[in-house]
Amino acid sequence: QVQLVESGGGLVQPGGSLRLSCVASRNIFSTYTMGWYRQAPGNQRELVVTITNGGTTNYADSVKGRFAISRDNAKNTLYLQMNSLKPEDAAVYYCNAAFSYGNIKNNFWGQGTQVTVSS
C-alpha cells in the first residue's frame, strides 16, 4: 500500500501561482509513474501531467508552458508548480501513483486538494 497526501491548494487570483505537494508514504519514485490529475464539478477526472520513473513527462495541452512537475526523491515528495493560473484551472487536484508489471497493477490516489481561481 502507498498513502499519498496532497497539500498546497487554495484560493488564488487569475494569473497567480500555487505549488502543490504530494508526500508518498514510502520511496516509490524509482518504480512508479507519478501524476497529477484534476476534477472540476460536473467533469470527469482528467490528466494534468505524469512523470515516469525515468523522468519522462507528459503534460496536458491545456497546461503546457504554465505548469511544471518535479519530485524530491529524498523527501518522497512530488510537486506541481502552477503559474499563470486561469479560472478554468479550478478543480480538485489529485496525486496518483501507478505501477504496472505483468499481471501486477497498482494504482493509488490521494485525497485531493482544492484549487480555486477567482478574483
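As the structure is a computational prediction, the values presented were derived from the model and not from experiment. (Residues numbered from 1 in each chain as written. Predicted model: local features only at pLDDT ≥ 70, side-chain atom pairs only at ≥ 80, totals over all residues. Heavy atoms only, no water.)

Draft legend 1. Region of interest: the overall build of the chain. When helices and strands are counted, the chain shows zero helices and 11 strands. When the helices and strands of the chain are placed in sequence order, the string is β-β-β-β-β-β-β-β-β-β-β. On C-alpha atoms alone, the chain measures out to a radius of gyration of 14 Å, which is about the 14 Å that the 2.2 N^0.38 rule sets for 119 residues. Considering only C-alpha atoms, the chain reaches an extent of 45 × 30 × 25 Å along its principal axes. (Helix = DSSP H or I, 4+ residues; strand = E, 2+ residues; numbered from the N terminus. Rg over C-alpha atoms; globule rule 2.2 N^0.38 Å.)

Draft legend 2. Broad picture of the sheet that holds strand 3 (residues 18-24). Strands sit in the order 1-3-8-7 across an open sheet of four strands; the sheet is antiparallel. The open sheet terminates on both sides in strands that have one partner only, identified here as strand 1 (4-7) and strand 7 (67-72). On average, each strand axis in the sheet is inclined to that of its neighbour by 15°, with strand direction left out of account. Here strand 3 runs beside strand 8 (residues 77-82); their pairing, made up of six bridges, is antiparallel. From the neighbouring strand, Cys 22 faces strand 8, where its bridge partner is Leu 78. (Pairing = 2+ DSSP bridges. Axes fitted to C-alpha atoms, helices over the stretch in contact; angles between N-to-C directions.)

Draft legend 3. Molecular detail of the nonpolar core. In terms of nonpolar packing, the biggest core is built from 32 residues, with Leu 4, Met 34, Trp 36, Leu 78, Leu 80, Met 82 and Tyr 93 touching the most fellow members. For this core, the elements supplying multiple residues, two or more each, are strand 3, strand 4 (33-39), strand 5 (46-51), strand 7, strand 8, strand 9 (91-101) and strand 11 (113-117). Each residue touching Leu 78, except ones within four places of it in the same chain, is listed here: Leu 20, Ser 21, Cys 22, Phe 29, Met 34, Gly 35, Trp 36, Ile 51, Ile 69, Ser 70, Arg 71 and Cys 95. (Core = buried A, V, L, I, M, F, W, Y, C linked by side-chain atoms within 4.5 Å. Buried < 20%, exposed > 50% of the residue type's maximum accessible area, 1.4 Å probe, protein only. Contact = heavy atoms within 4.5 Å.)

Draft legend 4. Summary view of the pairing of strand 4. Across the seven residues of strand 4, five count as buried, placing the element largely inside the fold. The pairing of strand 4 with strand 9 spans seven bridges and is antiparallel. Note that in strand 9 the partner of Gly 35 across the bridge is Asn 96. In this structure, the hairpin formed by strand 4 and strand 5 is closed by a connection of six residues, where Gly 42 is found at a positive phi of approximately 80°.

Draft legend 5. Here's a closer look at the pattern of salt bridges. Counting across every chain of the model gives four salt bridges. Here Glu 46 makes a salt bridge to Arg 38, at a shortest N to O gap of 2.7 Å. Between Arg 66 and Asp 89 there is a salt bridge whose closest N-O contact spans 2.7 Å. Taken as a pair, Arg 66 in the loop between strand 6 (57-59) and strand 7 and Asp 89 in the loop between strand 8 and strand 9 lie far apart in primary sequence, 23 residues in all. (Salt bridge = Lys/Arg side-chain N within 4 Å of Asp/Glu carboxyl O.)

Draft legend 6. Inspection of the state of the cysteines at higher detail. The final tally for this structure, using the stated rule, is one disulfide. Residue pairing for Cys 22: its cysteine sulfur links by disulfide to Cys 95, the two sulfurs lying 2.1 Å apart. Looking down the S-S bond of the Cys 22 and Cys 95 bridge, the torsion is -75°, so its handedness is left-handed. Residue Cys 22 is found in strand 3, and its partner Cys 95 is found in strand 9; the two are separated by 73 residues along the sequence. (Disulfide = S-S within 2.5 Å.)

Draft legend 7. How the structure looks around the side chain of Ser 21. By secondary structure assignment, the location of Ser 21 is in strand 3. Not counting chain neighbours up to four residues away, the residues in contact with Ser 21 comprise Val 5, Glu 6, Ser 7, Trp 36, Thr 77, Leu 78 and Tyr 79.

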